[in-house]
Amino acid sequence: MKKQFIITLFIMSITSMLLTPGYAGWKPSVEDEPVKSKLSLNTQTEEVIKNFKIHYPHLTVYFGKAYGYAVFPTITKGGIGIGAAHGTGEVYEKGEYIGTASMTQVTVGAQFGGQTYSEIVFFKDKETLEDFKKGNFKPGAQASAIASTAGVSTDADYDHGVAIFTLSKSGLMFEATVGGQKFNFKPK
């Protein structure tokens, strides 16, 4: 019975990854608006920011008032018992590109499957961004990501100077895990 359950979960995960669009979240009925910050030449980052603004319209306030933010266009996550996630992105201070960052996460617990998602980490003030750049940044225990494929509560707020938003791209992940994200910053 247990073996059959695991096989069924595996088949569901593979099927979900194959049937899910490679770039979920596009809404043809919503007009694209130009991103008004000084972005690097990475068009993938620009597209991710547009997608987040479509799915989370209230993020315009975060982009306008946050001291800085890190955009991770694609984070890949997978696991069977022990899991891992990794992605690279770009970091902005007051709307200007200042460097790149990588995110690594190791989790332990009941989990099975794989997924890809985008993530944006907003830094409320200079101190929080400086901690991030020095490698001293660790999201607080309560700083969980606001994850969705179709919207989010408009009352999301900073926790320890950080607000994290994710947007699912593809895959299926069953999990009840413990593990934190670790970030590394590299100036441009």
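Within each chain, residue numbers correspond to sequence positions counted from 1 in written order. Selection of residues for local features in this predicted model requires a pLDDT of at least 70, selection of side-chain atom pairs for listing and counting requires 80 or more, and totals for whole chains, interfaces and linings are taken over all residues. In computing side-chain values, all of the structure's heavy atoms are included and hydrogens and water are not.

1. Regarding the overall build of the protein
- Segments assigned H or I by DSSP are reported as helices when at least four residues long, segments assigned E as strands when at least two residues long, and all are numbered from the N terminus. Secondary structure assignment for the protein yields 4 helices and 5 strands.
- Secondary structure elements of the protein, listed N to C terminal, follow the sequence α-α-α-β-β-α-β-β-β.
- Burial status follows relative accessibility: with a 1.4 Å probe on protein chains alone, a residue under 20% of its type maximum counts as buried, one over 50% as exposed, and anything between as partly exposed. Counting across all 188 residues of the protein, residues that qualify as buried make up 44%.
- Whether two residues touch is decided by their heavy atoms; if any such pair falls within 4.5 Å, the residues are in contact. Long-range contacts, defined as pairs at least 24 residues apart, comprise 74% of the intrachain contacts of the protein with a sequence gap of at least 6.
- Each accessible area is a Shrake-Rupley result for a 1.4 Å probe, and residues are judged covered by the shown protein chains and nothing else. Within the structure as shown, the protein displays about 10,500 Å² of accessible surface, and the carbon and sulfur contribution to it stands at 58%.

2. With respect to helix H2 (residues 43-55)
- Multiplying 1.5 Å by the helix residue count minus one yields the expected span of that helix. Over its 13 residues, H2 runs 18 Å from end to end, which matches the ideal 18 Å to within 8%, given 1.5 Å per residue.
- Of the positions making up H2, those classed as buried are Thr45, Val48, Ile49, Lys50, Asn51, Phe52, Lys53, Ile54 and His55.

3. Some remarks on helix H4 (residues 126-134)
- When H4 is considered as a whole, its buried residues turn out to be Thr128, Leu129 and Phe132. Take H4 and look down its axis: the buried residues cluster within an arc of 100 degrees, on one side only. Facing away from the buried side of H4, by more than 90 degrees, are the exposed residues Glu127 and Lys134.
- Gly135 sits one or two residues past H4 and shows a positive phi near 85 degrees. Relevant arc is that of directions from the helix axis to the C-beta atoms, nothing else.

4. Examining the pattern of salt bridges
- Any carboxyl oxygen of Asp or Glu that lies within 4 Å of a side-chain nitrogen of Lys or Arg is treated as forming a salt bridge with it. For the coordinates displayed, the defined rule picks out 3 salt bridges.
- Between Glu47 and Lys50 there is a salt bridge whose closest N-O contact spans 3.7 Å. Residue Glu47 and its partner Lys50 are both found in helix H2; the two are separated by 3 residues, about one turn of the helix.
- One salt bridge connects Glu93 with Lys133, and the closest N-O pair in it is separated by 3.6 Å. With Glu93 in strand S1 (residues 68-93) and Lys133 in helix H4, this residue pair connects regions lying 40 residues apart in the sequence.
- Under the relative-accessibility criterion, Lys133 is labelled partly exposed at 24%.

5. A closer look at unusual backbone geometry
- With phi around 50 degrees, Lys94 is a residue other than glycine that occupies positive phi space.
- Following the sequence through the fold, Lys94 ends up in the loop between S1 and strand S2 (96-123).
- On the accessibility criterion, Lys94 (61% relative accessible area) is exposed.

6. Points about the side chain of Gln111
- Inspection of the secondary structure puts Gln111 in strand S2.
- Exposure remark for Gln111: the relative accessible area of 6% places this residue in the buried category.
- A polar contact is formed between the side chain of Gln111 and the side chain of Thr107, at a distance of 3.0 Å. For the purposes of these results, a polar contact is taken to be a pair of N or O atoms within 3.5 Å, where, inside protein, one atom must be able to donate a hydrogen and its partner to accept one; residues adjacent in sequence count only when each atom of the pair is a side-chain atom.

7. Some points on the nonpolar core
- The nonpolar core is taken to be a set of buried Ala, Val, Leu, Ile, Met, Phe, Trp, Tyr and Cys residues, with the residues joined through side-chain atoms within 4.5 Å. The biggest cluster of nonpolar side chains holds 19 residues, and the ones touching the most others in it are Phe72, Val91, Val121 and Phe132.
- At the level of secondary structure, the elements contributing two or more residues to this core comprise S1, S2, H4, strand S4 (162-178) and strand S5 (181-187).
- Top contributing element to this core by residue count: S2, with 6 residues.
- Leaving out residues up to four positions away in the same chain, Val121 has contacts with Gly68, Tyr69, Ala70, Phe72, Phe137, Val162, Ala163, Ile164 and Phe183.

8. Quick notes on a nonpolar patch on the surface
- Side chains of Ile82, Val106 and Val108 sit close together on the surface and give an oily, nonpolar patch of about 300 Å² of accessible area.
- Position of Ile82 relative to the elements: it lies in strand S1.
- When its relative accessible area of 60% is taken as the criterion, Ile82 is described as exposed. A patch consists of residues whose relative accessible area exceeds 30% and which take part in no salt bridge; residues with like charges are grouped when within 9 Å of each other, and nonpolar side chains (Val, Leu, Ile, Met, Phe, Trp, Tyr) when within 5 Å.

9. Observations regarding the pairing of S2
- Counting buried positions over the 28 residues of S2 gives 20, a clear majority of the element.
- DSSP-based pairing: two strands are paired if at least 2 bridges between them are found. Relative to S2, S1 is paired through 23 bridges, and the arrangement is antiparallel. For Ile82, the partnering residue across the bridge sits in S2 and is Val108.
- Taken together, S1 and the strand that follows it, S2, pair antiparallel across an intervening segment of 2 residues, in which Lys94 is found at a positive phi of about 50 degrees.
- As paired strands, S2 and S5 are joined by 7 bridges and run antiparallel to one another. Of the residues in S5, the one forming a bridge with Gly99 is Pro187.

The values reported here are purely geometric and, on their own, carry no functional implication.
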